[in-house]
Amino acid sequence: MDKLPVIGNPTPPAPQEDLGMTPQELEDGIKRLKKERNAVILAHYYQESEIQDLADFVGDSLQLSQAAAKTQADVIVFCGVHFMAETAKILNPTKIVVVPDLEAGCSLADGCPAPVFKKWLEQYPGHTVVSYINCSADVKALSDVICTSSNAVKIVKALGDQKIVFAPDRHLGAFVAKQANRPDLVFWQGTCIVHETFSEKRLLELMAKNPDAEVIAHPECHEGILRHANHIASTSGLIDYAKKSPKQTFIVATEAGILHRMQQAAPGKTLIAAPPEDETCACNLCPHMRRNTLEKLYLCMRDLSPQVDVPEATRVRALAPIQRMLEMSA
Ligand code: 13P
Ligand code: SF4
């Protein structure tokens with residue numbers, strides 16, 4: 001495979017206009033702009049809690065694409081990362097889609113550049129290309145069907161005995177291969193910088209200290225974590241599990257922004273964030289998601305900028321596999 005770009009923390013945020021507004025003034029301004037612009041705010045569970053609390057809808061990647069597909073708003077304000085907003089734009093070409101920070105990327109999407117992916121696919125003629133939604137519009141345009149962590153197993157099973165290439169997350173791919181009993185799946189070797197960071201050794205220490213806790217994990221985690229998980233699911237699936245399980249304590253192996261909604265859904269339960277390898281870093285927080293702030297949210301709604309755009313030819317090609325996913329998930 002051609003050499004991939006180095007994946008690391010994103011470039012530092014650009015200097016911001018000093019608004020001199022209090023958090024309350026920002027909140028009031030965002031609510032006012034929402035009405036004035038007929039805007040809907042969609043947010044992922046990994047966003048800062050104050051952003052989640054202002055959103056009209058908070059969900060996992062599938063739920064957010066479903067919400068984007070049916071919104072009547074004129075403006076979609078997407079608080080998440082770029083590929084999510086791009087998916088909303090692909091589904092809504094006539095609507096304005098704005099994001100707080102255009103540089104909020106994703107290591108999985110950035111680690112699968114379309115030209116390299118296209119060349120790599122030439123090795124696998126006759127394969128159905130299943131791409132995780134965490135990829136660019138250009139990669140979606142090269143795919144047959146998109147999936148998210150909540151429907152990947154179902155979609156691969158529905159493809160019967162077709163030969164399959166799965167991209168770009170190899171950990172999710174390995175999980176799907178196991179669940180769907182498809183050891184022959186071909187994987188693109190991408191990973192998420194956040195889910196890659198969890199330490200099996202430190203998880204075992206935490207489990208020993210909390211013997212009654214259940215471990216719940218996102219399938220983007222590596223096998224060293226997944227092998228200890230009592231439940232593996234998408235972000236919404238993990239929240240739902242913590243709410244319904246009779247257990248009291250959960251060790252949660254995914255981006256720590258999820259704890260806000262999980263705690264609201266499961267009040268009184270004890271949620272412990274799974275530990276990263278390096279105890280001195282906040283590596284269980286996605287640096288891309290954290291680029292979005294209340295100030296930038298206010299500004300993008302005030303200025304209707306930055307907007308996410310997708311060239312029409314790419315959009316049309318990327319739309320088909322997304323629609324296929326939505327039909328297969330209905
Ligand atoms: P889900 O919310 O679909 O589980 O995805 C998690 C994720 O990593 C989003 O980038
Ligand atoms: Fe991408 Fe990982 Fe951040 Fe999700 S948590 S947006 S997969 S880098």
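Residues numbered from 1 in each chain as written. Chains lettered and ligands numbered in written order. Predicted model: local features only at pLDDT ≥ 70, side-chain atom pairs only at ≥ 80, totals over all residues. Heavy atoms only, no water.

K.L.:
Help me understand the state of the cysteines in this model?
P.N.:
Each disulfide consists of a covalent bond between the sulfur atoms of two cysteine residues. Counted according to the given criterion, the structure contains one disulfide. A disulfide bridge connects Cys 281 with Cys 283, and the sulfur atoms are separated by 1.6 Å. As the torsion about the S-S bond is roughly -130°, the Cys 281-Cys 283 disulfide counts as left-handed. We classify Cys 283 as partly exposed; its relative accessible area is 26%. Unpaired in terms of disulfides, Cys 79 finds its nearest cysteine sulfur in Cys 300, a separation of 6.5 Å. Relative accessible area serves as the criterion here: at 0%, Cys 79 is assigned to the buried category. (Disulfide = S-S within 2.5 Å. Buried < 20%, exposed > 50% of the residue type's maximum accessible area, 1.4 Å probe, protein only.)

K.L.:
Can you help me understand the pattern of salt bridges in this one?
P.N.:
In a structure, side chains of opposite charge can pair up when their charged atoms sit close to one another. Within this structure, the stated rule accounts for 16 salt bridges. Residue Asp 101 is joined to Lys 296 by a salt bridge in which the shortest nitrogen-to-oxygen separation is 2.7 Å. Remark: Lys 296 occurs in helix H14 (residues 294-303) and Asp 101 occurs in the loop between strand E4 (96-98) and helix H5 (107-110); sequence separation between them is 195 residues. Here Asp 101 falls in the buried class, since its relative accessible area comes to 10%. What makes Lys 296 buried here is its relative accessible area of 9%. Sharing partners across several salt bridges, the network here consists of Glu 48, Glu 255 and Arg 290. (Salt bridge = Lys/Arg side-chain N within 4 Å of Asp/Glu carboxyl O. Helix = DSSP H or I, 4+ residues; strand = E, 2+ residues; numbered from the N terminus.)

K.L.:
I'm lost on unusual backbone geometry in this one. Help?
P.N.:
Backbone phi values are negative for most residues with the exception of glycine, while trans is the configuration of most peptide bonds. Residue Ala 167 is joined to Pro 168 through a cis peptide bond whose omega torsion reads -10°. Residue position: Pro 168 is located in the loop between strand E7 (164-167) and helix H9 (170-179). Between Ser 305 and Pro 306 the backbone carries a cis peptide bond, its omega angle lying at 0°. Here Pro 306 shows up in the loop between H14 and helix H15 (312-329). In this structure, Asn 38 is a non-glycine residue whose phi angle is positive, near 45°. Tracing the backbone shows Asn 38 in the loop between helix H1 (23-37) and strand E1 (39-44). Here the phi dihedral of Leu 304 falls at roughly 50°; this positive angle occurs in a residue that is not glycine.

K.L.:
Is there a simple way to think about the sheet that holds strand E8 (residues 186-187) in this case?
P.N.:
The pairing of strands in a sheet comes from backbone hydrogen bonds and takes either a parallel or an antiparallel form. Strand order across the open sheet formed by four strands is E6-E5-E7-E8, with parallel pairing between neighbours. Looking at strand neighbours, the two that pair on one side only are strand E6 (145-147) and E8, the edges of this open sheet. (Pairing = 2+ DSSP bridges.)

K.L.:
Can you help me understand the packing of helix H3 (residues 61-70) against H15 in this one?
P.N.:
Two numbers describe a pair of packed helices, the interaxial angle and the distance between the axes. Running from amino to carboxyl end, H3 crosses H15 at an angle of 105°, the nearest separation of the two axes being 11 Å. Taken together, the axes of H3 and H15 are roughly perpendicular relative to one another. Contacts between H3 and H15 pair Leu 62, Ser 65, Gln 66 and Ala 69 from the former with Met 325, Leu 326 and Ser 329 from the latter. Looking at the contact of H3 with H15, its residues break down into four nonpolar, three polar and no charged. (Axes fitted to C-alpha atoms, helices over the stretch in contact; angles between N-to-C directions. Parallel < 35°, antiparallel > 145°, perpendicular 65-115°, else oblique. Contact = heavy atoms within 4.5 Å. Nonpolar A, V, L, I, M, F, W, Y, C, P; charged D, E, K, R; others polar.)

K.L.:
Looking at this structure, how should I read the nonpolar core?
P.N.:
Inside soluble globular proteins, nonpolar side chains tend to come together where they are buried. Judged by nonpolar contacts, the single largest core of 68 residues is most densely connected at Leu 42, Phe 78, Phe 166, Val 176 and Met 325. Top element by residues in this core is helix H4 (residues 82-91). It accounts for six residues. If near-sequence neighbours (up to four positions away) are discounted, Val 176 is found in contact with Ala 152, Val 153, Val 156, Phe 166, Asn 181 and Leu 185. Counting residues in each nonpolar core, the second largest holds 32 residues, with Ala 55, Val 77, Met 262 and Met 301 among its members. (Core = buried A, V, L, I, M, F, W, Y, C linked by side-chain atoms within 4.5 Å.)

K.L.:
I keep staring at the site of ligand 1 and nothing clicks. Help me out?
P.N.:
Surrounding ligand 1, one finds 13 residues, the nearest of these being His 44, Ser 61, Ser 149, His 218 and Thr 235. His 44 has a polar side-chain atom sitting 2.6 Å from an oxygen atom of ligand 1. Glu 220 places a side-chain nitrogen or oxygen 3.0 Å from an oxygen atom of ligand 1. Split into classes, the residues belonging to the shell around ligand 1 amount to four nonpolar, seven polar and two charged. (Near = heavy atom within 4 Å. Polar contact = N/O pair within 3.5 Å; in protein donor to acceptor, adjacent residues only side chain to side chain.)

K.L.:
Hey, could you run me through the site of ligand 2 in this one?
P.N.:
As a matter of local geometry, ligand 2 sits amid Tyr 46, Val 81, Cys 106, Ser 107, Leu 108, Asn 134, Cys 192, Val 194, Glu 220, Cys 286 and His 288. Of the residues contributing to the shell around ligand 2, the split by class is seven nonpolar, three polar and one charged.

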